[in-house]
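Below, each chain spelled out in residue letters.
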Amino acid sequence: MSAALPAAARPPVPERLRFGRFELQAAQHRLLVDGQPATLGSRALDLLAVLATEPDRLISKGELLDRVWPGLVVEEANLHVQISNLRKVLGGELIATVPGRGYRFTGEPQSVPGTTPAAAAPAAAAASAASASAPAVAPAAATSRLFGRADDRRHLTAALLQPGCVTLVGPAGVGKTSLAREAVPAWNGPAVWADLAQLTDASQLPATLARAAGATTGDGDPHRMAVEALQGPQQLLVLDNAEHLVDACAQLVTRLLQDLPRLHLLVTSQLPLQVAGERVQRLQPLPPRLPPPGSDAGWGDGAVGLLVERIVAADHRIPLGPQALPLLQAVCEQLDGLPLALEMAAARVPLLGLQGVHDGLAQRFALLSGGLRSASQRHRTLHQALDWSYGLLTSEEQRLFRGLGQFAGPFTLDQAVALMAPQDKAPAAPDADRWVLIDRLAVLVDRSLVTTSGADAAAPRYGLLETMRAYAREQLAAQGEQAALHRRHAQTMQAQLDAVVPRDPAGVTALMADVQAAVLWAGVHDWPLAVALTTRASNRGTFTTWRITASQWMEALEPRMRSDAGQALPVAVQTGWWTEHARGLVMRTHARAVEVAQHTCDLARRHDHPDLVWGLVALVRALADPGPTLDAACAELQALMEAHPEWSVRVRLAAAGALGAAADRRDNRPARLVARRRELALAREAGNPHLVDTVESNVVAALVDNDQLDDALAMARPLVQRLSGTGSANLPWAWNGLLSTLQRLGRQQEVRQLLPQALADVQPMGDAWLLQKQLAWLVACEGHHALAARLTGHLQALFEASNMDPVHQREHLAEVLLELQPAMSDAQRERLAAEGRGWTLTQAQAAALNPG
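The written sequence of each chain sets the order in which its residues are numbered from 1. Under the rules for a predicted model, residues below a pLDDT of 70 receive no local features and side-chain atom pairs below 80 are neither given nor counted, while totals for whole chains, interfaces and linings still include all residues. The basis for every side-chain value is the complete set of non-hydrogen atoms in the structure, without hydrogens or water.

**Some words on the overall build of the protein chain**
Looking only at helices and strands, one finds 38 helices and 17 strands in the protein chain. Accessibility here uses a 1.4 Å probe with only protein chains present; expressed as a share of the type maximum, an area under 20% marks a residue as buried, one over 50% as exposed, and anything in between as partly exposed. Per-residue burial over the protein chain gives 52% buried out of 852 residues. Taking the intrachain contacts of the protein chain between residues at least 6 apart in sequence as the baseline, contacts between residues at least 24 apart amount to 68%. Throughout, the Shrake-Rupley method with a 1.4 Å probe supplies accessible areas, and for residues the shown protein chains are the sole cover considered. When the accessible area of the protein chain is evaluated, it comes to approximately 36,800 Å², of which 54% is carbon and sulfur surface. Secondary structure elements follow DSSP: runs of H or I of four or more residues count as helices, runs of E of two or more count as strands, with numbering from the N terminus. Any pair of residues with heavy atoms lying within 4.5 Å of one another is described as a contacting pair.

**Remarks on the pattern of salt bridges**
Any Lys or Arg side-chain nitrogen located within 4 Å of an Asp or Glu carboxyl oxygen qualifies as a salt bridge. One pass over the structure, following the stated rule, counts 45 salt bridges. With a shortest N-O distance of 2.9 Å, Asp 693 and Arg 722 are connected by a salt bridge. Here Asp 693, found in helix α30 (residues 689-705), pairs with Arg 722, found in helix α31 (residues 709-723); they are 29 residues apart in sequence, far enough to count as distant. The salt bridge partner of Arg 744 is Asp 707, with a shortest N-O separation of 3.9 Å. Of this pair, Arg 744 sits in helix α32 (residues 731-744) while Asp 707 sits in the loop between α30 and α31, and the two are 37 residues apart along the sequence. A relative accessible area of 57% places Asp 707 in the exposed class. Salt bridges sharing common partners tie together Glu 54, Arg 57, Glu 63 and Arg 67.

**Concerning the sheet that holds strand β3 (residues 22-25)**
Reading across the sheet, the five strands line up as β5-β4-β3-β2-β9 and stay open at both edges, with antiparallel pairing between neighbours. Looking at strand neighbours, the two that pair on one side only are β5 (36-37) and β9 (110-111), the edges of this open sheet. Pairing of strand β2 (residues 16-19) with β9, which is carried by two bridges, proceeds in the antiparallel orientation. Residue pairing for β9: Arg 18 is matched across the bridge by Gln 110. In this analysis, strands are considered paired if DSSP registers two or more bridges between them.

**Examining the packing of helix α33 (residues 748-762) against helix α34 (residues 769-781)**
In a pair of packed helices, the angle between the axes and the distance between the axes together describe the arrangement. Running from N to C, α33 and α34 cross one another at 160 degrees; their axes reach a closest spacing of 11 Å. Regarding the angle of α33 to α34, the classification is roughly antiparallel. Handedness of the α33/α34 crossing: left-handed. Listed contacts from α34 to Gln 748, Val 751, Arg 752, Leu 755, Ala 758, Leu 759 and Val 762 of α33 are Leu 771, Gln 772, Leu 775, Leu 778, Val 779 and Cys 781. Of the residues contributing to the contact of α33 with α34, the split by class is 10 nonpolar, two polar and one charged. All axes here are fitted lines through C-alpha atoms, helices being fitted over the stretch that makes contact, and every angle between N-to-C directions spans 0 to 180 degrees. When describing relative orientation, an angle under 35 degrees is termed roughly parallel and one over 145 degrees roughly antiparallel, while 65 to 115 degrees is termed roughly perpendicular and anything else oblique. Rotating anticlockwise by less than a right angle from the far helix to the near helix defines a left-handed crossing, while the corresponding clockwise rotation defines a right-handed one. The classification used treats Ala, Val, Leu, Ile, Met, Phe, Trp, Tyr, Cys and Pro as nonpolar, Asp, Glu, Lys and Arg as charged, and all other residues, Gly among them, as polar.

**A look at helix α36 (residues 806-820)**
With 15 residues, α36 ought to run about 21 Å at 1.5 Å a step, and its terminal C-alpha atoms sit 20 Å apart, in line with that. At any given residue, the bend is defined as the angle formed between two axes, one fitted to the seven residues that end at that position and one fitted to the seven that begin there. Roughly 50 degrees is the biggest bend found in α36, and it falls at Ala 814. Along α36, the positions that sit buried rather than exposed are Val 807, His 808, Gln 809, His 812, Leu 813, Val 816 and Leu 820. Looking at the packing, one finds that the buried side of α36 touches α26 (612-622), α28 (649-665), α34, α35 (785-801) and α37 (826-836). Given the number of residues in a helix, its expected span is that number minus one, multiplied by 1.5 Å.

**Some remarks on the state of the cysteines**
Cysteine sulfur pairs qualify as disulfides if the two atoms are within 2.5 Å. Applying the stated rule across the entire model yields zero disulfides. Of the cysteine sulfurs around Cys 165, a residue in no disulfide, the closest is that of Cys 249, at 9.7 Å. The class of Cys 165 is buried, set by a relative accessible area of 1%.

**Details of the sheet that holds strand β8 (residues 102-105)**
The antiparallel open sheet is built from three strands, whose spatial order is β6-β8-β7. Two strands in the sheet have a free side with no partner beyond their single neighbour: β6 (59-60) and β7 (95-98). In the sheet, β6 pairs with β8 via two bridges, with the strands oriented antiparallel. Paired with Ile 59 across the strands is Tyr 103, a residue of β8. Seen against the sheet, helix α1 (residues 42-53) touches β6, β7 and β8 and runs at an angle of roughly 65 degrees to β8.

**What about unusual backbone geometry?**
Negative phi values dominate among residues other than glycine, just as trans dominates among peptide bonds. Here the phi dihedral of Gln 274 falls at roughly 60 degrees; this positive angle occurs in a residue that is not glycine. Positive phi, normally seen in glycine, also occurs at Ser 448, with a value near 65 degrees. With respect to the secondary-structure elements, Ser 448 resides in the loop between α17 (431-446) and β16 (451-453). Residue class for Ser 448 comes out buried when judged on its relative accessible area of 9%.

**A closer look at the nonpolar core**
Of all hydrophobic cores here, the largest spans 131 residues; its most connected members are Phe 401 and Leu 404. Excluding its chain neighbours within four sequence positions, the residues that come into contact with Leu 404 are Phe 411, Ala 416, Leu 441, Leu 444, Val 450 and Leu 464. With 59 residues, the next largest nonpolar core counts Leu 723, Ala 734, Val 762 and Ala 788 among its residues. Nonpolar cores were defined as sets of buried Ala, Val, Leu, Ile, Met, Phe, Trp, Tyr and Cys residues, with membership established by side-chain atoms within 4.5 Å.

**Thoughts on the packing of aromatic side chains**
Pairing of aromatic side chains here covers Phe, Tyr and the six-membered ring of Trp, requires ring centres within 6.5 Å, and sorts the geometry by plane angle: under 30 degrees stacked, over 60 edge-to-face, intermediate tilted. The final tally for this structure, using the stated rule, is eight aromatic pairs. An aromatic cluster of three or more residues is present, and its members are Phe 19, Phe 22 and Phe 105.

**Focus on the environment of Gly 657**
Secondary-structure assignment places Gly 657 in helix α28. Along the chain, Gly 657 and Arg 672 lie 15 residues apart, while their C-alpha atoms are 9.5 Å from each other. Excluding residues within four positions of it along the chain, Gly 657 makes contact with Arg 621, Arg 676 and Glu 679.

Okay, here's the thing in structure tokens:
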């Protein structure tokens, strides 16, 4: 082992040493990386000065402790922490470890010509301490624009006018420090900035604060020195990055405000200090905040504006026209509007392109690793920023955070309890477990790792930003907990579907993102659970926008249901699944609806199962043409109902609806109206408002077919008003009935006025083709025959994409074609229709809304 050199024999530290991309400026006590200052604490810089001044010499741990911490008794762990901090900046090659002995600098530092040697490292530290005797000021405000924070800045400025503590709270990377930097230059008085990020122990707080305030630290009480330095009116103290020392900071702030009641304090932290009089200002991620159409406000001052500015700053040659907006918005949405993540994504665009960045966000932590060199070490990559936040949690809080990442969307407290209950207990945890979880969840919310909404409601909902969710799932995989949590999550979703009010749109819609994740997992890992989930999801999703998606899940499972594995399931499970599958295909007017409904009936007959009634209901509705098959199905259904007068109103209602549909197939319009009115009476008797809504739209259609237009209008208007804004999947049909009635009444102008609202209401649904049919009919009636013909082609493409039965296609096009027959030949219409087949939904609607 190399012996420690006596102080007199040690080489002096040059004022400036260069090695590769780095330059150590001992006199200024800083390290430059590619010309930009690195974020390193004074001990790390002293340590680097000692090592770099004597390259290739093995310096023992004891000597390093003596030279970097002279006169102090410190743990060897402090040396390890500072070596680690240096390696994060320098890389792992420049400082070699000799296990059990010490460290050696392996680079080739060169003294910059013209510089004079400085004192050795402790003397350099003393010189830097002298330069630090002036109060610390905030890091320079960013030269780029601070996006989307005008309201937050005004709020903060107003809050700081009053003495006391204001705490900026938000998740990692949301821009707390950036906003604080903006507040300091506008402050009308002296300001002191203390960055706490590099502190590793609460005992360092008083001395750090004293140095930041300009006090000369010595043998005195550093807290008292800081208090003396902060005397005076309009004094602002900023404590930046307080979350890892939150308890100590809370005590410090309490003492400061007792000693200096006129002090203005600004703290940035991932969670509140929870001290008396604290005013918390939470920073949210940036919204898109696009400017109004036609304005000259560029890309706006939200997340999209920030992303665009940073992309252009990285390479001004990148074309970003209006066509890039969907991709820009998608990237912003995937990154939750977090400024740190957006800046890192922008830095990758010159290399990967905007599409490449969008696609690469599936591996966001590998992609987003290009932070600014001027950023703090923990903000150099998105992963480091989250490592910092995650590391501040207890092991049980970490476990809860990992588990909550399993949710695909917002969740309730009961869902969290069910998911995280101990595995040897029932899904509903005892009260003791529940309250423990509530306390841990409160910590995650306070630390901005979990968001909350609906705080005024009886049951608030919680959620994770996509970035947080991705990190939580990564940690889940690292702990080997994925399989158990996947199963628990799927079981929880099954229980939630069982508990939700049947066919309640809001309740079901709130669950479906998580149900989808559960179905995807169960389809591979737990076949019976996948069957149970899809059966319940289809049934519960009837009156939601998810009904088509649920039907598609069942389509994907059908081959296995026909296999030995499916036939080995209990009969009740099989018939329940096939019934729902048939019903879903009927609602989609799918070309295979008849085949699946017949299979359902055959299965139920073979096992003499009461689900036969539901198979017959689906079969009657699926048969598009009158004839012996329809007659036989209707007769069997009618006989079954007569044999079971004890069956519920719900069953009788379904049968009446199917028989009404059969009357429609036979073009018996009076019979259809009678059946629909009977169906409505049963729906009201059942007391299910969603069924009433559905049947009322059927009654409107029957009234229109029977030319009872005034009665149809009297029912259609309030139905649309009642359903607008509810998310009901019946809304497209309600609009279809109202617009059809108005068209039959010749009130085309009113139809034109209502169409924008109708399209806006229907856009999120899976039945947009209904109003596309209305658009085609309207423009044909108005004499825009060429456009109407093109729209028929667009409609046919929509029908084919959804596998709609050709018979139903003809039915829905019949009225449009009837209007076009006098105006053009079939060959002309088909040529124009071919042009419209390539139109998107947006193009077709834009053309129909502006046919001029």
